[in-house]
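A look at the structure
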Amino acid sequence: MRLRLDNDAGPWNACGEYRPAAAGHGVMMPLSPFSERAVAAIRAIPRGMVATYGQMAALAGNRRAARQIARLLHSSSRAHLLPWYRVVGCGGRISLPGVDGDRQRALLKKEGVRFTPAGTVDMAAHQWAPPLPPAAPDRA
């Protein structure tokens, strides 16, 4: 899933910070219970830390829904003011190709996130580790 980041970044400026919404941006669509939990989890990622798509899915209640997290970030980052760039692929990979990945890397570096020589996030230093909810059957 590719997150489209064009020159008109909507309510986000070049540094990834929120700016007042322009007309048409920031419209809130109703979310499913899973998406509401995911939005809350993504918003909770502290500055200078990252989490994986799978980790966010588990926090939202369905450890197998990593792709749903990617879809949520793609469609709702602007409207829900999500720090999309703090969510990375497994092992700390930047999942976005080209300039989009470069932008994510720059935003993370601005927050002090370090990268390994292989180009992945130093997960030992920067992976957010909130307590996971008790194990329960996956919910959608």
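Description of the structure in this document. This is a predicted model, so every value here is computed, not measured. (Residues numbered from 1 in each chain as written. Predicted model: local features only at pLDDT ≥ 70, side-chain atom pairs only at ≥ 80, totals over all residues. Heavy atoms only, no water.)

Notes on the pattern of salt bridges
Applied cut-off: Salt bridge, as used here, is a side-chain nitrogen of Lys or Arg placed within 4 Å of a carboxyl oxygen of Asp or Glu.
A full pass over the atoms with the stated rule returns three salt bridges. Connected through shared salt-bridge partners, Arg47, Arg86 and Glu111 make up one network.

Observations regarding helix 4 (residues 98-110)
Threshold: Runs of H or I in DSSP of at least four residues are treated as helices and runs of E of at least two as strands, each being numbered from the N terminus. Here a helix's expected span is defined as the number of its residues, less one, multiplied by 1.5 Å. A simple rule labels every residue: compare its accessible area, found with a 1.4 Å probe on the protein chains alone, to the largest value its type can have, and call it buried under 20%, exposed over 50%, or partly exposed in between. Throughout, the arc means that of the directions going from the helix axis to the C-beta atoms. Any two residues whose heavy atoms approach within 4.5 Å at even a single point are treated as in contact.
For helix 4, with 13 residues, the first-to-last C-alpha span of 19 Å sits near the 18 Å given by 1.5 Å per residue. Considered for burial, the residues of helix 4 that qualify are Asp100, Gly101, Arg103, Gln104, Leu107 and Leu108. Looking straight down helix 4, one finds that the buried residues subtend no more than 155° of arc, so they occupy a single side. Facing away from the buried surface of helix 4 by more than 90 degrees, the exposed residues are Val99 and Asp102. Against the buried residues of helix 4 lie strand 2 (87-88).

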